[in-house]
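Commentary on secondary and tertiary structure
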Amino acid sequence: RGTDLEPEALQLYEQITWLKVDQVWLIKRNDFHICSPDGIVYNEDWIITKAVEVKCLAAKKMLKYMVIDSFKDVYAIEKTYYWQVVNYFMTMDTLEELTFFLYNPDIYDIDKQHYSIVVTRDELQEDIDKAFERLAEFEVKLNKLKLKLK
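In short, a report on the structure. It should be emphasised that the depicted structure is a prediction, and the values quoted were computed from it without experimental measurement. (Residues numbered from 1 in each chain as written. Predicted model: local features only at pLDDT ≥ 70, side-chain atom pairs only at ≥ 80, totals over all residues. Heavy atoms only, no water.)

**Re the overall build of the chain**
- Summing up its helical and strand segments, the chain has four helices and six strands in all.
- Along the chain, from the amino end to the carboxyl end, the secondary structure elements read α-β-β-β-β-α-α-β-β-α.
- Over its C-alpha atoms, taken along the principal directions, the chain stretches across nearly 60 × 35 × 30 Å.
- Each of the 150 residues in the chain was classed as buried or not, and the buried ones make up 41%.
- For the chain, the share of sequence-separated contacts (at least 6 apart) that also reach a separation of at least 24 residues comes to 62%.
- When the accessible surface of the chain is split by element, carbon and sulfur atoms take 56% of a total near 9500 Å². (Helix = DSSP H or I, 4+ residues; strand = E, 2+ residues; numbered from the N terminus. Buried < 20%, exposed > 50% of the residue type's maximum accessible area, 1.4 Å probe, protein only. Contact = heavy atoms within 4.5 Å. Areas by Shrake-Rupley, 256 points an atom, 1.4 Å probe, with all protein chains shown as cover.)

As structure tokens, this is what we get:
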């Protein structure tokens, strides 16, 4: 259901923000690091500066986000999705902000069918740095293992 509704959600996002969202299959930083964004936005110089991560949630979960995140705090994003959001910034060096866009067309009140949490690189920089450190540690371990297997 979630991925089936993504095009509809992205179309709504475009209508709300007046931004042109492009869908790409994959963005690759290196062999260890890839991202499959739901949508990206280029600036006038064709540099990716914004992205959209769509989640099509059940109504109960949508309402939970709306109540918990009354201040639109990045840490309101569930741990399940949080590191996925961090990965966007790790993979795309030029990314300045990501909209975590929640959507459920079954909610009767049309104004509550969508909800956005916008996060910036600055807000996440500490966790981005931590994740890069962990990735570097993994690469060292992997390379040691490769040498043992030769």
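**Considerations on the sheet that holds strand β6 (residues 114-120)**
- Spatial strand order, β3-β4-β5-β6: four strands in an open sheet with mixed pairing. A strand with exactly one partner marks an edge of an open sheet, and here the two such strands are β3 (39-42) and β6. Ignoring strand direction, the axes of neighbouring strands in this sheet form an average angle of 20 degrees.
- By the bridge criterion, seven bridges tie strand β5 (residues 97-103) to β6 in an arrangement that is antiparallel. (Pairing = 2+ DSSP bridges. Axes fitted to C-alpha atoms, helices over the stretch in contact; angles between N-to-C directions.)

**What about the nonpolar core?**
- Ranked by internal contacts, the top residues of the largest apolar core, which has 30 residues, are Y65, I77, M92 and F100.
- Listed by contribution, the elements that provide at least two residues to this core are β4 (48-56), α2 (59-68), α3 (79-91), β5, β6 and α4 (121-149).
- The biggest single contributor to this core is α3, with seven residues.
- The contact partners of F100, leaving out residues within four places of it in the chain, are E53, K55, Y65, I77, Y81, V85, Y115, S116 and I117.
- Listed in part, the 12 residues of the second largest apolar core include Y13, V52, V54 and F101. (Core = buried A, V, L, I, M, F, W, Y, C linked by side-chain atoms within 4.5 Å.)

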